[in-house]
Amino acid sequence: IDKADRVCQRVEPLCRERGGLWLFKLLNMYSTVRMKQSRHQEALKMYEEFESLIGYDAEDQWELYDTVYRNFGWIYCSLGDHEKAMQYFRRCVEIKLKNGVAPHWFDQWDLGKTHARLSVQRGNFSALSHSIELIKKGIELHQQVEQQDRVMLCKMLNS
């Protein structure tokens with residue numbers, strides 16, 4: 001990951017000079033590198049700039065925004081802002097439903113994990129049963145489409 005960071009640092013001025021798609025792709029990749037480095041605040045700043053360059057609204061490019069919302073959710077989770085993360089994960093589900101697409105297993109898992117964190121944070125331990133149901137739904141959906149993926153199943157069960 002450090003090598004990827006050095007590459008991003010080196011090409012960032014060039015991408016900023018060229019702008020457009022060059023900068024767009026750099027910010028997307030570089031924010032991911034920052035997340036892997038646990039430099040979440042920097043990742044958030046880069047991802048906000050990335051989103052500002054999209055040039056479409058969510059209704060026109062809902063599949064792109066599904067990914068954008070998920071990534072913002074992950075960034076906010078990493079920053080400990082579970083309220084904001086939950087808002088973004090819910091937006092993932094809402095944008096799919098508006099376009100006639102059922103929520104993905106990943107949506108259910110993200111919602112379940114984040115709901116659990118919020119429940120614990122608020123001291124509302126009885127709400128954890130809802131978190132478990134969301135995660136179970138994610139596991140069921142995952143098993144329908146990726147039965148052989150035992151590694152992800154273990155990660156989900158570890159939630």
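Above this note sits the structure.
Please read these numbers as outputs of a predicted model, since none were measured by experiment. (Residues numbered from 1 in each chain as written. Predicted model: local features only at pLDDT ≥ 70, side-chain atom pairs only at ≥ 80, totals over all residues. Heavy atoms only, no water.)

Participant: So what's going on with the overall build of the protein chain? Residues and values would help.
Facilitator: A tally of helices and strands in the protein chain yields 8 helices and 0 strands. Sequence separation of at least 24 residues holds for 49% of the intrachain contacts in the protein chain that already meet a minimum separation of 6. Only carbon and sulfur atoms are counted for the fraction: they give 52% of the accessible area of the protein chain, which is about 9600 Å². Separation of charge centres in the protein chain, based on 23 positive and 22 negative side chains, amounts to 5 Å. (Helix = DSSP H or I, 4+ residues; strand = E, 2+ residues; numbered from the N terminus. Contact = heavy atoms within 4.5 Å. Areas by Shrake-Rupley, 256 points an atom, 1.4 Å probe, with all protein chains shown as cover. Lys, Arg positive; Asp, Glu negative; His and termini not counted. Charge placed at Lys NZ, Arg CZ, Asp CG, Glu CD.)

Participant: How would you sum up the nonpolar core? Please name residues and give values.
Facilitator: Grouped together as the largest cluster of nonpolar side chains are 33 residues, with contacts concentrated most on F50, Y69 and F72. Elements with a contribution of two residues or more to this core: α1 (2-18), α2 (20-36), α3 (40-52), α4 (62-78), α5 (82-98) and α6 (105-122). Broken down by element, the residue count for this core peaks at 8 residues, all from α4. Excluding residues that lie within four positions of it along the chain, F50 makes contacts with F24, L27, N28 and V68. Judged by nonpolar contacts, the second largest core, of 9 residues, contains W105, W109, I135 and L141. (Core = buried A, V, L, I, M, F, W, Y, C linked by side-chain atoms within 4.5 Å. Buried < 20%, exposed > 50% of the residue type's maximum accessible area, 1.4 Å probe, protein only.)

Participant: Any chance you could break down helix α7 (residues 128-145) for me, citing the residues and the numbers?
Facilitator: Owing to its 3.6 residues per turn, the α-helix aligns residues three or four sequence positions apart on the same side. The terminal C-alpha atoms of α7 lie 26 Å apart, and with 18 residues this matches the ideal 26 Å at 1.5 Å per residue to within 8%. The set of residues buried in α7 consists of S131, L134, I135, G138, I139, L141 and H142. Seen from one end, α7 has its buried residues packed into an arc of 165°, which puts them on one side. (Expected span 1.5 Å × (residues − 1). Arc of directions from axis to C-beta.)

That is the geometry; function is a separate question.
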